[in-house]
Amino acid sequence: MNFPNEQNRKYFTDNTSEYLEKSFQKVGLDKVYFEKLLEWLSKSPKWNTLRVNKNLANNSKDSVNDIQNFLDKSFDNLNNKLLKEGVYFPIPKCKVLSNFLDECIVYEYSKSKSMQDNIKFKSDIKCIIDVKCAQAVFRGADIFIPGIISLSLSAKSQDLICIYADLEGKCLKGSDANLYFKKSVDSLQFIGTGWLLYDRDQIFKNSEQKLYFSGKIKGIGIRLKELVDGSYTPPFHYLNQTKYFPQNLPSIICARVLDPKPGQLILDMCAAPGGKTTHLAEIIGNKGQIIAFDKISSKILKMNELCKKLNTKCVECFVTDATKIDYSVYMAESFDRILVDAPCSALGQRPLIFNNIDVNQLKSYVNYQRMILENAVKLLKPGGFMVYSTCTITLEENEEQVSWLLSKHKKLKLVDQTPFNFAASSGFQCEGLDESQSRLLQRFCPSFKSEDDLNDIYYDTNGFFISKFLKEY
Ligand SMILES: C[S@@+](CC[C@H](N)C(=O)[O-])C[C@H]1O[C@@H](n2cnc3c(N)ncnc32)[C@H](O)[C@@H]1O
């Protein structure tokens, strides 16, 4: 597999690419659309979004001041450090999306004023990180030690290093980054630069053949200086995360679309890490009852901690497999609102660097989601609403699931969504979904907009999909 230049860049394996392209062709979206979609996915959104936790934060004006202070301080610190290198990051201004979502505060990534110099920066000290870690870095995370796969043998604490993502996932943990770079440069992608916070030996324990991850130290391993596109955003963990919760725009919209009311019984069937559950609790002012399921017990433990931290008092979290509901514990037709934010192929996460998902894996989500949806429909009260959402862009997990639900359950009706992000697009038409129905769906995905719209906060989001159903009496 080669990645010699941008034109020949691959984002998926050949089979997966072919499968996705064909799938879009079914609804009349040609190669040009698919390429546009890939280009959009491969870029990081230019905006950061934070949800204000109204249980703990004051009004939006105070929150904007608070976040602006955080940005001012973080950028002052960074700019002081970079002064001698002649690099400067303008401080972004944050704002509330007042007309649309007043709990959402946004600001742009800052672009360094000497981007070109930094792209030319080639240190002999190299670090290779895994692709998932690289994607998180583009969304504002620091590089944590578990994400570091390989370092130059001479790497020491405080070294300024070049960081690469391991596209093929073949680099061995603890190996010599310079050696791998020489052998496999085509399978590495330059991500940016940063300061190493530990000596190599502290990160890896080296023995002749086996290279062990020492586990002696934890936390951040590399403090990011600058990304390859010249952008920087201060890591969120310096911000008060009880008042301000980093969450992408479609996810914030999603909980609002469910429109929970105080006093209601609400079910979040795939809830961890809890971004939407805590938002739902905040919308109903902690008045009501929210049951939150997740299949993975460690995630439920963390969710309980998050709920405490965010002063969320009406949520009960349970380790439950949503494909196997025990109807002696949960009564059929008992919930006023149900959110199915389903496990999915997650292809909407930006930037897409390289995703080696295979076609069988991709297809496997469809039946799994249907098993969860079957239970959701059964648990929903007549007159109640259900939201089905994913953070992916495939037709099979989105529009085709909606079409399947409508054909299988005659009492389900697609309904309007508020808020509706008109800058993104409505859903695609597919078999079983007519034009008026597809317009009720929110698809956060490139439509046929001009390049000028690309920086629009409402358009430059992660890939996401939201549908809302009423269960009629
Ligand atoms: C897209 S994430 C949910 C994100 C969450 N709603 C939020 O906003 O923070 C999907 C979650 O579903 C969980 N999951 C996967 N299979 C499940 C199942 N059978 N039952 C319940 N949860 C499941 C995963 O562990 C994962 O945490």
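Residues numbered from 1 in each chain as written. Predicted model: local features only at pLDDT ≥ 70, side-chain atom pairs only at ≥ 80, totals over all residues. Heavy atoms only, no water.

Here's the deal with the overall build of the chain
Moving on, step 1. Scanning the chain from terminus to terminus reveals 13 helices and 24 strands.
Moving on, step 2. A compact globule built from 473 residues would reach a C-alpha radius of gyration of about 23 Å, and the chain, at 23 Å, matches this within 12%.
Moving on, step 3. Principal-axis analysis of the C-alpha atoms places the extent of the chain at approximately 70 × 50 × 50 Å.
Moving on, step 4. Within the chain, the fraction of its 473 residues that count as buried is 56%.
Moving on, step 5. Taking all contacts inside the chain whose residues are at least 6 apart in sequence as the whole, residues at least 24 apart take part in 78%.
Moving on, step 6. For the chain, the accessible surface area stands at approximately 21,100 Å², while carbon and sulfur atoms represent 51% of it.
Moving on, step 7. Between the averaged position of the 62 positive side-chain charges in the chain and that of its 56 negative side-chain charges there is a distance of 4 Å. (Helix = DSSP H or I, 4+ residues; strand = E, 2+ residues; numbered from the N terminus. Rg over C-alpha atoms; globule rule 2.2 N^0.38 Å. Buried < 20%, exposed > 50% of the residue type's maximum accessible area, 1.4 Å probe, protein only. Contact = heavy atoms within 4.5 Å. Areas by Shrake-Rupley, 256 points an atom, 1.4 Å probe, with all protein chains shown as cover. Lys, Arg positive; Asp, Glu negative; His and termini not counted. Charge placed at Lys NZ, Arg CZ, Asp CG, Glu CD.)

Observations concerning the domain arrangement of the chain
Moving on, step 1. For the chain, the assigned domains are domain 1 (46-112), domain 2 (116-229) and domain 3 (249-471).
Moving on, step 2. Placing the centre of domain 2 and that of domain 3 at their C-alpha centroids yields a distance of 35 Å.
Moving on, step 3. Contact with domain 2, which involves 9 residues of that partner, is made by 6 residues of domain 3.
Moving on, step 4. Counting each side, the surface lost to burial between domain 2 and domain 3 is near 650 Å², with a carbon and sulfur contribution of 61%.
Moving on, step 5. Per-residue buried area on domain 2 facing domain 3 is highest for Q135, R139 and L167; these three make up 63% of the total on that side.
Moving on, step 6. At the junction of domain 2 with domain 3, the criterion picks out 0 salt bridges.
Moving on, step 7. Counting the contacts that link domain 2 with domain 3 gives 1 residue pair in polar contact (both at pLDDT 80 or more).
Moving on, step 8. For the side of domain 2 that touches domain 3, the secondary-structure elements that each account for two or more residues are α5 (131-138) and β10 (188-196).
Moving on, step 9. Looking at the side of domain 2 that touches domain 3, the element that brings in the most residues is α5, giving 4 residues. (Domains from an automatic or database assignment. Buried area = accessible area lost by both parts, 1.4 Å probe. Salt bridge = Lys/Arg side-chain N within 4 Å of Asp/Glu carboxyl O. Polar contact = N/O pair within 3.5 Å; in protein donor to acceptor, adjacent residues only side chain to side chain.)

Some words on the site of the ligand
Moving on, step 1. Taken together, 20 residues sit near the ligand, with D294, D321, A322, D341 and Y368 positioned nearest.
Moving on, step 2. At 3.0 Å from an oxygen atom of the ligand is found a main-chain nitrogen or oxygen belonging to G275.
Moving on, step 3. Contact between the ligand and D294: an oxygen atom at 2.8 Å from a side-chain N or O atom of the residue.
Moving on, step 4. Here the residues of the shell around the ligand sort into 10 nonpolar, 4 polar and 6 charged. (Near = heavy atom within 4 Å. Nonpolar A, V, L, I, M, F, W, Y, C, P; charged D, E, K, R; others polar.)

Some words on empty space enclosed by the protein
Empty space among the atoms becomes apparent when a probe as large as a water molecule is rolled across them.
Moving on, step 1. All chains considered together, the criterion is met by 2 cavities of 30 Å³ or more.
Moving on, step 2. Put simply, the second largest cavity is a space of about 40 Å³.
Moving on, step 3. Looking at side-chain class alone, the lining of the second largest cavity contains 7 nonpolar, 2 polar and 1 charged residues. (1 Å grid on protein atoms, 1.4 Å probe; cavity = no way out; pocket = protein on both sides within 12 Å on 5 of 7 lines; lining within 4 Å. Points joined across faces, edges and corners; volume = space filled by probe spheres on them.)

A look at unusual backbone geometry
Moving on, step 1. Going from A272 to P273, the amide bond is cis rather than trans, its omega being 5°.
Moving on, step 2. Mapping P273 onto the fold places it in the loop between β16 (265-268) and α9 (275-283).
Moving on, step 3. Going from T418 to P419, the amide bond is cis rather than trans, its omega being -5°.
Moving on, step 4. Residue position: P419 is located in the loop between β21 (412-414) and β22 (425-426).
Moving on, step 5. Its identity is not glycine, yet D259 carries a phi of approximately 55°, on the positive side.
Moving on, step 6. Of note, D259 is situated in the loop between α8 (249-258) and β16.
Moving on, step 7. Its relative accessible area of 30% is what places D259 among the partly exposed residues.

Digging into the sheet that holds strand β15 (residues 244-246)
Moving on, step 1. Read across the sheet, 4 strands follow the order β2-β3-β1-β15 without closing on themselves; strand pairing throughout is antiparallel. Both edges of this open sheet fall to β2 (95-97) and β15, since each of them pairs with a single strand only. Strand-to-strand twist across the sheet, computed as the mean angle between neighbouring axes with direction ignored, equals 40°.
Moving on, step 2. Relative to β15, strand β1 (residues 47-52) runs antiparallel, the two sharing 3 bridges. Paired with L50 across the strands is P246, a residue of β15.
Moving on, step 3. Lying over the sheet, α8 contacts β1, β2 and β3 (101-108), oriented at roughly 175° with respect to β3. (Pairing = 2+ DSSP bridges. Axes fitted to C-alpha atoms, helices over the stretch in contact; angles between N-to-C directions.)

A closer look at the state of the cysteines
Moving on, step 1. If you walk through the whole model with that rule in mind, you get 0 disulfides.
Moving on, step 2. Cysteine C104 remains unbridged, with the sulfur of C94 as its closest cysteine sulfur at 11 Å.
Moving on, step 3. You can see C344 has no disulfide; the closest cysteine sulfur is in C391, sitting 3.6 Å from it.
Moving on, step 4. Looking at C344, the relative accessible area reads 10%, which means it is buried. (Disulfide = S-S within 2.5 Å.)

Section: the UniProt feature "active site" (unreviewed entry) in the chain
Moving on, step 1. Those places that UniProt annotates as "active site" (unreviewed entry) correspond, in this numbering, to C391.
Moving on, step 2. Residue classification places C391 among the partly exposed positions, given a relative accessible area of 23%.
Moving on, step 3. The contacts of C391, once residues within four sequence positions are left out, are C344, A346, L347, G348, Q349, G463 and F464. (UniProt positions renumbered as here; feature names shortened; annotations may be inferred.)

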